[in-house]
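For reference, the chains in residue letters:
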Amino acid sequence: MSAGDIITAVFLPLGAAFSLIGCVGLLRFPDLYGRLHAATKPDTVGLIFILIGAAPQLRSPGAMVAMLLVAMFQLMTMPVVAATLGRVAYGRGEVDASNMIVDELAEDLREVAARDEESDDGAEAGRR
Amino acid sequence: MTAPHPRAPRDSGVRERLARLVDRLPRPMRRWVLRIGVRMPMVAWLTVMWLILWGDVTLGATVAGAIVATGCYAAAKLPRMPIGVRLRPLGIVRVVVVLAYDLLVSSVHMAWHVLHRPGRARGAVVAVPLQTESDLLMAMTAGGLTMVPGSMVVGLNRDEGVLYVHGFPLHDERSVEKLRRDVRRTEELFVRAFGTAADIAGLNGGTPERVPAPGGRGADGGEG
């Protein structure tokens, strides 16, 4: 067994395990954010491990570089997807507040809303 | 080799020498050189990607790639690479290594919580004011944070430079404070890898606590 085979033997199952755990987390975590974390991040590690595991079995360097691109684009696009989903979920109020220790975004949003109301009142009073 | 006159550290060098070279060109030519020059790195990058996807490096493929890259650039009206960034190799290596390590450790951490009582895992959203004023560094920090398991940017206030980061899984106030520290550390890593000398100087004299930005609203809600 060559060194490449050992790398494959270690990383391929490890990557598969991380991907599986991501899916299990998607099912088991109680709220949307937890599921989002589980669905996006361990999967990335899983994919990269699977790529590392597959690389030694490919004899052509071109294919390896292409796999590097796959990993890179996964790393670049995944945060965008996660952040977009997170943002939309928050905006729609799909977030379970009872599962949060603190929520400073909600605090700040409330404050902004209160201030806007105040300034609206002020403007109306000025008009009257 | 000693510098004949003291000036801002590091940021001079190649960039300034290039600028002086361009200044010597006749005016109409200068514009074109600048136009092409600032777009060159992106075209080179696109060409490299073309070659990777093409599979082998030949002169024909390179020329074709450069033509396609230039054409795409023109057609998509892609912006030029933003100025106000420096590439610091040591800092880049550090940010890559630390983020890779974080990715691994927090994935294992996440895996543990998936298998062991996932119902008790809780989250939190913290507001962390950033020290950098650069949009690009802010975007990089947000991207880096979202990449690593356990933290995700759910909102940001660009005017005041505040990131709202959701952390998961957390247990108590202590882990919330740790999340806050992690956000600041990630920002510092990115600033040290890509920031200008001014950005880095701002980092050292920066404010570690949640302090209202000058003229801005305090994130803690100080003003009634």
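Residues numbered from 1 in each chain as written. Chains lettered and ligands numbered in written order. Predicted model: local features only at pLDDT ≥ 70, side-chain atom pairs only at ≥ 80, totals over all residues. Heavy atoms only, no water.

Here is the rule we go by: UniProt positions are given in the numbering used here, feature names are shortened, and annotations may be inferred rather than shown by experiment.
Chain B has the name Multisubunit sodium/proton antiporter MrpE subunit in an unreviewed UniProt entry, where Allonocardiopsis opalescens is given as its organism. Heading Subcellular location (unreviewed entry) of the UniProt record for chain B holds this comment: "Cell membrane". Looking at the Sequence similarities (unreviewed entry) heading of the UniProt record, one finds this comment for chain B: "Belongs to the CPA3 antiporters (TC 2.A.63) subunit E family."

As annotated in an unreviewed UniProt entry, chain A carries the name Multisubunit sodium/proton antiporter MrpG subunit and comes from Allonocardiopsis opalescens.

Things to note about the interface of chain A and chain B
Filter applied, for reference: Here, residues are in contact when the closest pair of their heavy atoms is within 4.5 Å. As used here, buried area is the combined drop in accessible area, with a 1.4 Å probe, of two parts when they are placed together. By definition here, a salt bridge exists when the distance from a side-chain nitrogen of Lys or Arg to a carboxyl oxygen of Asp or Glu is within 4 Å. Polar contact is the term for a pair of N or O atoms within 3.5 Å; when the atoms are in protein, one must be able to donate a hydrogen and the other to accept it, and sequence-neighboring residues count only if both atoms are side-chain atoms. What counts as a helix is a DSSP run of H or I of at least four residues, what counts as a strand is a run of E of at least two, and both are numbered from the N terminus. Only Asp, Glu, Lys and Arg are considered charged in this grouping, and only Ala, Val, Leu, Ile, Met, Phe, Trp, Tyr, Cys and Pro are considered nonpolar; every other residue, Gly among them, is considered polar. Strands are treated as partners if at least two bridges between them are detected by DSSP.
Residue-level contacts link 42 residues of chain A with 50 residues of chain B. Buried area between chain A and chain B, summed over both chains or domains, comes out near 3,800 Å², and the portion from carbon and sulfur atoms is 69%. It is H37, I101 and E104 of chain A that lose the most area in chain A upon contact with chain B, and together they represent 18% of the buried surface on that side. Across the contact surface, chain A and chain B share 0 salt bridges. One can count 6 residue pairs in polar contact (both at pLDDT 80 or more) joining chain A with chain B. Looking at the side of chain A that touches chain B, the elements that each hand over two or more residues are α1 (3-28), α2 (32-54), α3 (61-91), β1 (100-103) and α4 (104-127) of chain A. Examining the composition of the side of chain A that touches chain B, we find that 13 residues originate from one element, α3 of chain A, more than from any other. Looking at the side of chain A that touches chain B, its residues break down into 27 nonpolar, 6 polar and 9 charged. Where β1 of chain A lies against strand β1 (residues 122-129) of chain B, 2 bridges are found, and the strand directions are parallel.

Remarks on the confidence of the model for chain B
Residues and elements named next belong to chain B. Selection criterion: The predictor rates its confidence in each residue with pLDDT, a number between 0 and 100.
Of all residues in chain B, 80% attain a pLDDT of 70 or more, and the chain-wide mean is 75. Note on residues 1-11: pLDDT under 50 across the span, and 8 contacts to partners over four residues away in sequence or across chains. Low pLDDT (under 50) marks residues 206-224, which in the prediction has 31 contacts with non-local residues, meaning those over four places away or in another chain. Across the predicted assembly, pTM comes out at 0.71 and ipTM at 0.72.

Description of the environment of W50 of chain B
All names here are of chain B. Just so we agree on the cut-off: Accessibility here uses a 1.4 Å probe with only protein chains present; expressed as a share of the type maximum, an area under 20% marks a residue as buried, one over 50% as exposed, and anything in between as partly exposed.
Counting through the fold element by element, W50 comes out in helix α2 (residues 27-54). Residue classification places W50 among the partly exposed positions, given a relative accessible area of 27%. Sequence separation of W50 and R181 is 131 residues, and the distance between their C-alpha atoms is 40 Å. Residues contacting W50, with those up to four places away along its chain left out, are A61, A64, G65 and V68.

Let's talk about the UniProt feature "transmembrane region" (unreviewed entry) in chain B
Residue and element names in this part refer to chain B. UniProt records the feature "transmembrane region" (unreviewed entry) at residues 32-53, 59-79 and 91-112, using the numbering of this structure. End C-alpha to end C-alpha, residues 32-53 measures 30 Å, and it is 100% helix and 0% strand. In residues 91-112, helix accounts for 100% and strand for 0%; the two terminal C-alpha atoms are 31 Å from one another.

So, the packing of aromatic side chains
Worth spelling out the cut-off: Two rings from Phe, Tyr or Trp (for Trp, the six-membered ring) form a pair when their centres sit within 6.5 Å of each other. Planes less than 30 degrees apart are called stacked, planes more than 60 degrees apart edge-to-face, and all others tilted.
All chains considered together, the criterion is met by 5 aromatic pairs over all chains. For the ring pair F29 of chain A and F168 of chain B, a centre distance of 4.8 Å and an interplane angle of 90° mean the geometry is edge-to-face. Here F29 of chain A is found in the loop between α1 and α2, whereas its partner F168 of chain B is found in strand β3 (residues 162-170) on a different chain. Residue class for F29 of chain A comes out buried when judged on its relative accessible area of 1%. Ring plane angle 20° and centroid distance 6.3 Å describe the contact between F190 of chain B and F194 of chain B, whose orientation is recorded as stacked. Here the residue F190 of chain B and the residue F194 of chain B both occupy positions in helix α6 (residues 173-194), the gap between them amounting to 4 residues, near one helical turn. You can call F194 of chain B buried: its relative accessible area is 13%.

Notes on the pattern of salt bridges
All names here are of chain B. Going through the model one piece at a time under the given rule, you end up with 4 salt bridges over all chains. Residues R185 and D102 are paired through a salt bridge, measuring 2.6 Å at the closest nitrogen-oxygen approach. Of this pair, R185 sits in helix α6 while D102 sits in helix α4 (residues 89-115); the two residues are 83 residues apart in sequence, bridging distant segments of the chain. For R185, a relative accessible area of 32% puts it in the partly exposed group. Put simply, R180 and E177 hold a salt bridge, and the shortest N to O gap is 3.3 Å. Within this pair, R180 and its partner E177 are both found in helix α6, separated by 3 residues, close to a single helical turn. Residue E177 is classed as partly exposed on the basis of its relative accessible area, which comes to 35%.

Here we look at the nonpolar core
Note the cut-off: Nonpolar cores were defined as sets of buried Ala, Val, Leu, Ile, Met, Phe, Trp, Tyr and Cys residues, with membership established by side-chain atoms within 4.5 Å.
Within the largest apolar cluster, 16 residues are counted, with the highest numbers of intra-cluster contacts made by V126, L163, V165 and V176 of chain B. Of all elements in the fold, only β1 of chain A together with β1, α5 (135-147), β3 and α6 of chain B reach the threshold of two or more residues within this core. Beyond its immediate sequence surroundings of up to four residues, V165 of chain B is in contact with A124, V125, V126, L145, S151, M152, V153, L179 and V183 of chain B. Counting residues in each nonpolar core, the second largest holds 14 residues, with A89, M100 and A106 of chain A together with V162 of chain B among its members.

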